[in-house]
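# Structural overview for review
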Amino acid sequence: MNILVINCGSSSLKYQLIDTNSKSVLAKGLCERIGIEGSKLTHEPVGKDELIVEKPMKDHQVAVDMVMKALLDAQYGVIKDISEISAVGHRVVHGSKYYSDPVQINEDVKKVIKDSSDFSPLHNPANLIGIEACEKAMPNIPHVAVFDTAFHQTMPEKAFIYAIPYEYYEKYNIRRYGFHGTSHSYVSKKVLELSGLDPNNSKIIVAHLGNGASITAVQNGKCVDTSMGLTPLEGLIMGTRSGDIDAGVLQYIAHKEGMDIDELLNMLNKKSGMLGLSGISSDFRDVRKAADEGNHRAEVASEAFVYRVAKYIGSYVAAMNGVDAIAFTAGVGENDGAKRAEICEYLGYLGIQLDDKQINVRGEEALISTPDSKVKVYAIPTNEELSIAQQTFALINK
Ligand code: ADP
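Here's what I pulled together on the structure shown here. Quick caveat, the model's predicted, so the values are computed rather than measured. (Residues numbered from 1 in each chain as written. Predicted model: local features only at pLDDT ≥ 70, side-chain atom pairs only at ≥ 80, totals over all residues. Heavy atoms only, no water.)

### Thoughts on the packing of helix H2 (residues 107–115) against helix H3 (residues 124–137)
Contact pair H2 / H3: the axes reach a minimum separation of 8 Å and the direction vectors enclose 155 degrees. When the axes of H2 and H3 are compared, the pair comes out roughly antiparallel. Here H2 and H3 pass one another in a crossing that is left-handed. Residues Lys110, Ile113 and Lys114 of H2 form the contact with H3, whose own contacting residues are Asn124, Leu128, Ile131, Glu132 and Glu135. Within the contact of H2 with H3, the residues separate by chemical class into three nonpolar, one polar and four charged. (Axes fitted to C-alpha atoms, helices over the stretch in contact; angles between N-to-C directions. Helix = DSSP H or I, 4+ residues; strand = E, 2+ residues; numbered from the N terminus. Parallel < 35°, antiparallel > 145°, perpendicular 65-115°, else oblique. Left-handed = near helix turned anticlockwise from the far one by under 90°. Contact = heavy atoms within 4.5 Å. Nonpolar A, V, L, I, M, F, W, Y, C, P; charged D, E, K, R; others polar.)

### Regarding the sheet that holds strand E10 (residues 213–219)
Ordered in space as E11-E10-E9-E12-E14-E13, the six strands form an open sheet in which the pairing is mixed. Among the strands making up the open sheet, the edge pair consists of strand E11 (222–226) and strand E13 (366–367). The pairing of strand E9 (residues 203–209) with strand E12 (residues 325–329) spans five bridges and is classified as parallel. Each bridged residue has a counterpart across the sheet, and for His208 the counterpart in E12 is Thr329. Its contacts with the sheet put helix H6 (residues 181–195) on E9, E10, E12 and strand E14 (376–379), and the angle it makes with E9 is roughly 130 degrees. The strands touched by helix H11 (residues 296–320) are E9, E10, E11 and E12; relative to E10, the strand with the most contacts, the crossing angle is about 15 degrees. (Pairing = 2+ DSSP bridges.)

### With respect to helix H10 (residues 284–292)
Within the sequence span of H10, burial applies to Phe284, Val287, Ala290 and Ala291. For H10, the buried positions fall inside an angular range of 125 degrees around the axis, keeping them on one side. Summarising the geometry of H10, the exposed residues directed more than 90 degrees from the buried face are Arg285, Lys289 and Asp292. Here the buried face of H10 lies against helix H9 (273–278), H11, helix H12 (330–335) and helix H13 (337–345). The backbone nitrogen of Arg285 lies 2.9 Å from a side-chain oxygen of the residue at the head of H10, namely Asp283. (Buried < 20%, exposed > 50% of the residue type's maximum accessible area, 1.4 Å probe, protein only. Arc of directions from axis to C-beta. Polar contact = N/O pair within 3.5 Å; in protein donor to acceptor, adjacent residues only side chain to side chain.)

### As for the site of the ligand
Near the ligand the following residues occur: Gly210, Asn211, Gly212, Asp283, Phe284, Arg285, Ala330, Gly331, Val332, Asn335, Asp336 and Arg362. In this structure, an oxygen atom belonging to the ligand sits 2.9 Å away from a main-chain N or O atom of Gly331. A distance of 3.4 Å separates a nitrogen atom of the ligand from a polar side-chain atom of Asn335. For the shell around the ligand, the secondary-structure elements that each account for two or more residues are H10 and H12. It is H12 that contributes the most residues to the shell around the ligand, four residues altogether. Of the residues assigned to the shell around the ligand, the class counts are three nonpolar, five polar and four charged. (Near = heavy atom within 4 Å.)

### A short note on the environment of Gln358
Structurally, the position occupied by Gln358 is in the loop between H13 and E13. A relative accessible area of 27% means that Gln358 is categorised as partly exposed. In this structure, the C-alpha to C-alpha distance between Gln358 and Ala70, residues 288 residues apart in sequence, is 41 Å. Setting aside residues up to four positions removed in sequence, Gln358 forms contacts with Ala366, Leu367 and Ile368. A polar contact is formed between the side chain of Gln358 and the backbone oxygen of Leu367, at a distance of 3.5 Å.

### Quick notes on the pairing of E11
For E10 and E11, the ladder comprises four bridges, and the chain directions are antiparallel. When the sheet's bridge partners are listed, Ala217 is paired in E11 with Asp225. Between the antiparallel neighbours E10 and E11 lie two residues, among them Asn220 with a positive phi of about 50 degrees.

### Regarding the packing of aromatic side chains
Within the structure shown, the criterion is met by eight aromatic pairs. Summarising the aromatic geometry, the rings of Phe119 and Tyr177 are spaced 5.6 Å apart at their centres and angled 35 degrees between planes, so their arrangement reads as tilted. Here Tyr177 lies in the loop between helix H5 (167–172) and H6 and Phe119 lies in the loop between H2 and H3, a separation of 58 residues in the sequence. In this pair, the class of Phe119 matches that of Tyr177, namely buried. (Phe/Tyr/Trp six-rings, centres within 6.5 Å; stacked < 30°, edge-to-face > 60°.)

### Looking at helix H1 (residues 60–72)
The terminal C-alpha atoms of H1, which comprises 13 residues, lie 18 Å apart, in line with the 18 Å expected from a rise of 1.5 Å per residue. Along H1, the positions that sit buried rather than exposed are His60, Ala63, Val64, Met66, Val67, Met68, Ala70 and Leu71. You can read the cap of H1 off the contacts: a side-chain oxygen lies 3.1 Å from the backbone nitrogen of Gln61, and it is on Asp59. (Expected span 1.5 Å × (residues − 1).)

### Focus: the side chain of His90
Checked against the element boundaries, His90 lands in strand E6 (residues 85–92). Every residue in contact with His90, bar those within four places of it in the chain, is listed here: Ile6, Ile105, Gly130, Ile131, Cys134, His143, Val144, Ala145, Val146 and Ile388.

### Describing unusual backbone geometry
Here Ser96, not a glycine, exhibits a phi torsion of approximately 50 degrees, which is positive. For Ser96, the location among the structural elements is in the loop between E6 and strand E7 (103–104). Accessibility expressed as a relative area gives 4% for Ser96, which makes it buried. Unlike most non-glycine residues, Asn321 shows phi in positive territory, near 55 degrees. With respect to the helices, strands and loops of the structure, Asn321 is situated in the loop between H11 and E12.

Structure representation (structure tokens):
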């Protein structure tokens with residue numbers, strides 16, 4: 001069955017057409033600069049030449065129509081008729097407290113996505129625009145929302161509650177939600193598959209380390225804690241985000257620099273993390289290179305990143321009273337053997353021993369700990385699109 005997976009940003013739209021039977025990608029692509037000058041579609045059909053169309057896309061509807069045309073194109077297409085697409089799976093960032101599973105989209109679901117925009121002002125409105133554009137282009141098939149927050153809905157209240165007056169939780173649903181849920185769910189299930197652990201008696205920590213980074217404690221297949229919060233700002237040090245910070249810092253900088261709360265949040269989201277610390281780049285490879293050349297700020301950024309990840313792993317071992325397996329995923333987790341080793345150096349007390357021959361694997365599923373390591377450590381490429389396609393398939397075939 002072919003499922004079209006859509007991931008819509010405010011000026012971009014990423015897509016993959018996936019055959020869920022063979023788990024293979026038929027085509028994928030990206031519309032960039034939607035609504036601004038220089039719009040471009042890059043369409044990559046598997047086994048055929050790439051197609052690039054540079055043409056104005058005044059809105060997401062135009063973008064979706066161009067994607068459909070590319071998928072059906074005689075030369076660059078991968079399907080002959082629109083009926084070959086059985087459903088569309090939409091990545092939606094925030095499902096608030098309402099959705100712990102994928103859901104078929106109707107007017108009520110759209111209202112929740114809209115109402116959750118307060119928590120995710122950059123993503124949810126864009127996700128909704130993408131949904132409505134796809135509904136117009138493909139009115140006769142199911143459209144399914146798969147939420148980034150869903151996997152984390154099993155967190156107990158002690159883990160998701162902020163220690164601020166309880167009325168803010170009651171009045172506004174202010175609590176921790178967590179993100180990257182599709183990735184954490186996919187990777188933790190892969191760990192169960194690869195390790196042979198009993199799903200009902202397992203303690204797994206998944207470290208999703210990319211430009212955005214988060215870490216999750218998964219006990220018996222269910223998320224019991226995760227590092228991101230109401231928004232993706234909390235937790236680990238990321239490409240441009242600070243992660244955890246004393247809120248008092250904000251008041252101090254606000255007074256000194258005359259910044260308002262929106263400017264401060266922009267600083268924490270876009271100018272902090274690896275970029276802010278190193279002053280060089282948000283990209284971990286650039287920072288690594290500068291650190292290797294002796295740049296002090298880049299060294300501090302790299303060390304602080306690793307240290308924060310190790311501290312979180314320690315706290316999740318405490319949260320679950322143990323750990324059976326740790327998995328690294330996303331850009332850094334999948335590819336950077338040195339970072340994985342640096343993090344695991346802090347974890348010797350758990351009896352972790354890395355396998356020197358495996359530690360530097362890149363972009364493949366691998367056990368990177370030795371057979372006698374007390375905790376199994378994996379590198380596992382995440383595949384959010386495949387997971388969205390599979391969850392969409394499962395829902396419509398219920
Ligand atoms: P996101 O999806 O959050 O934008 P990714 O998961 O693609 O991010 O991760 C991007 C990060 O992964 C970049 O900072 C990049 O430097 C890092 N990365 C990618 N490949 C490597 C590699 N081979 N070695 C080290 N870091 C890498």
